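# Observations on the three-dimensional arrangement
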Amino acid sequence: MSKIFLETIRAVDGEVFNISYHQERYENVLKKFNISDKQNLKEFIKPPKIGTYRCRLTYDLSKEPHTLNVTYHVYKKREVGSLKLVYDNNIDYSLKSACRDELDALFGLREKCDDILIVKNSLITDTTIANIAFYDSKRWVTPVFPLLKGTTRERLLREGKIFEEKIYVDDLKYFSKVALMNAMIDFDIITKNIKEIFC
């Protein structure tokens, strides 16, 4: 099992977003491995002052003490307008590992779709790059068992803007809208009719 983990952090014109949620997730990973030498992520992130950047912060817990490495990448949004349901009851991406082999293999099954929506034990989870939410005409709901508890998902839950529910494949017909969530796109509503999204 790889012990290299990462945080993907949004920065716009030098401003770093939602760093407290990234710090919290980083510290939770350290706790799982009984590591106490936590560091302040904010001190390591010095993004360019102009433009939107994806700050890729990695840390290797196989080394002691662990060190942080940050690289900066000009951000270009990947448009996602179609999703293919892919089933895998064994995938585990509960920690944001730098090793994405399982996700990449499933992504290869997308055929003509932009991305996949992974179904695990009959429940909707995530796409390969984002958590997901559905609108039921009253509120936005998100799977209670995502593959990864994303930082944007966590923030929106705490703010009371989205709500957790078990969502089965058969439930998809009851929703009218779909939104994707991650650190870079925040809460991005797909403009297509939900029936046109699943291919």
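So, a few notes on the structure that sits alongside this text. Quick caveat, the model's predicted, so the values are computed rather than measured. (Residues numbered from 1 in each chain as written. Predicted model: local features only at pLDDT ≥ 70, side-chain atom pairs only at ≥ 80, totals over all residues. Heavy atoms only, no water.)

## What about the sheet that holds strand 8 (residues 131-135)?
Pairing within the open sheet is mixed, and its 5 strands lie in the order 10-9-8-11-12. Pairing within the sheet leaves two strands with one partner each, and these edge strands are strand 10 (163-165) and strand 12 (186-190). Across the sheet, the mean angle from the axis of one strand to that of its neighbour is 35°, orientation sign disregarded. Where strand 8 and strand 11 (residues 177-182) come together, 5 bridges link them in antiparallel fashion. Across the sheet, the residue bridging to Tyr135 is Lys177, located in strand 11. (Pairing = 2+ DSSP bridges. Helix = DSSP H or I, 4+ residues; strand = E, 2+ residues; numbered from the N terminus. Axes fitted to C-alpha atoms, helices over the stretch in contact; angles between N-to-C directions.)

## Observations concerning the nonpolar core
One finds Ile124, Ile132, Phe134, Ile167, Val178 and Leu180 to be the most contacted residues of the largest nonpolar core, which totals 18 residues. Those elements that provide at least two residues to this core are strand 6 (115-120), strand 8, strand 11 and helix 4 (194-197). Residues in contact with Ile132, not counting those within four places in the same chain, are Leu83, Leu117, Ile124, Thr125, Asp126, Val141, Thr142, Pro143, Val178, Ala179, Leu180 and Met181. Residues Phe5, Tyr59, Val70 and Leu95 belong to the second largest nonpolar core, which totals 16 residues. (Core = buried A, V, L, I, M, F, W, Y, C linked by side-chain atoms within 4.5 Å. Buried < 20%, exposed > 50% of the residue type's maximum accessible area, 1.4 Å probe, protein only. Contact = heavy atoms within 4.5 Å.)

## Things to note about unusual backbone geometry
Following Glu64, the chain continues to Pro65 via a peptide bond in cis, the omega torsion being -5°. Along the chain, the position of Pro65 falls in the loop between strand 3 (52-60) and strand 4 (68-74). At Asn121, a residue that is not glycine, the phi angle is positive and equals roughly 55°. Following the sequence through the fold, Asn121 ends up in the loop between strand 6 and strand 7 (123-124). The backbone of Ser122 shows a phi angle near 75°, a positive value even though the residue is not glycine. Examined against the element boundaries, Ser122 turns out to sit in the loop between strand 6 and strand 7.

## What about the environment of Lys112?
Topologically, Lys112 is positioned in the loop between helix 2 (101-107) and strand 6. On the accessibility criterion, Lys112 (82% relative accessible area) is exposed. The sequence separation of Lys112 and His66 amounts to 46 residues, and the corresponding C-alpha distance is 41 Å.

## Things to note about the sheet that holds strand 1 (residues 4-12)
Strand order across the open sheet formed by 4 strands is 2-1-3-4, with antiparallel pairing between neighbours. Either end of the sheet is taken by a strand with one partner, and the two such strands are strand 2 (15-16) and strand 4. Looking at chain direction, strand 1 and strand 2 are connected through 2 bridges and run antiparallel. If you follow Val12 over to strand 2, its bridge partner there is Glu15. Set on the sheet, helix 1 (residues 19-32) makes contact with strand 1, strand 2, strand 3 and strand 4; between it and strand 1 the angle comes to about 175°.

## Considerations on the state of the cysteines
One pass over the full model with this rule turns up 1 disulfide. What pairs with Cys113 in a disulfide is Cys199, and their sulfur atoms sit 1.5 Å apart. Of this pair, Cys113 sits in the loop between helix 2 and strand 6 while Cys199 sits in the segment after helix 4; the two residues are 86 residues apart in sequence, bridging distant segments of the chain. Assessed through its relative accessible area of 6%, Cys113 is described here as buried. (Disulfide = S-S within 2.5 Å.)

## So, a negative patch on the surface
A cluster of acidic residues, Asp92, Asp101, Glu102 and Asp104, forms a negative patch on the protein surface. When you line up the elements, Asp101 lands in helix 2. We classify Asp101 as exposed; its relative accessible area is 57%. (Patch = residues over 30% accessible without salt bridge, like charges linked within 9 Å, V, L, I, M, F, W, Y side chains within 5 Å. Areas by Shrake-Rupley, 256 points an atom, 1.4 Å probe, with all protein chains shown as cover. Salt bridge = Lys/Arg side-chain N within 4 Å of Asp/Glu carboxyl O. Lys, Arg positive; Asp, Glu negative; His and termini not counted. Charge placed at Lys NZ, Arg CZ, Asp CG, Glu CD.)

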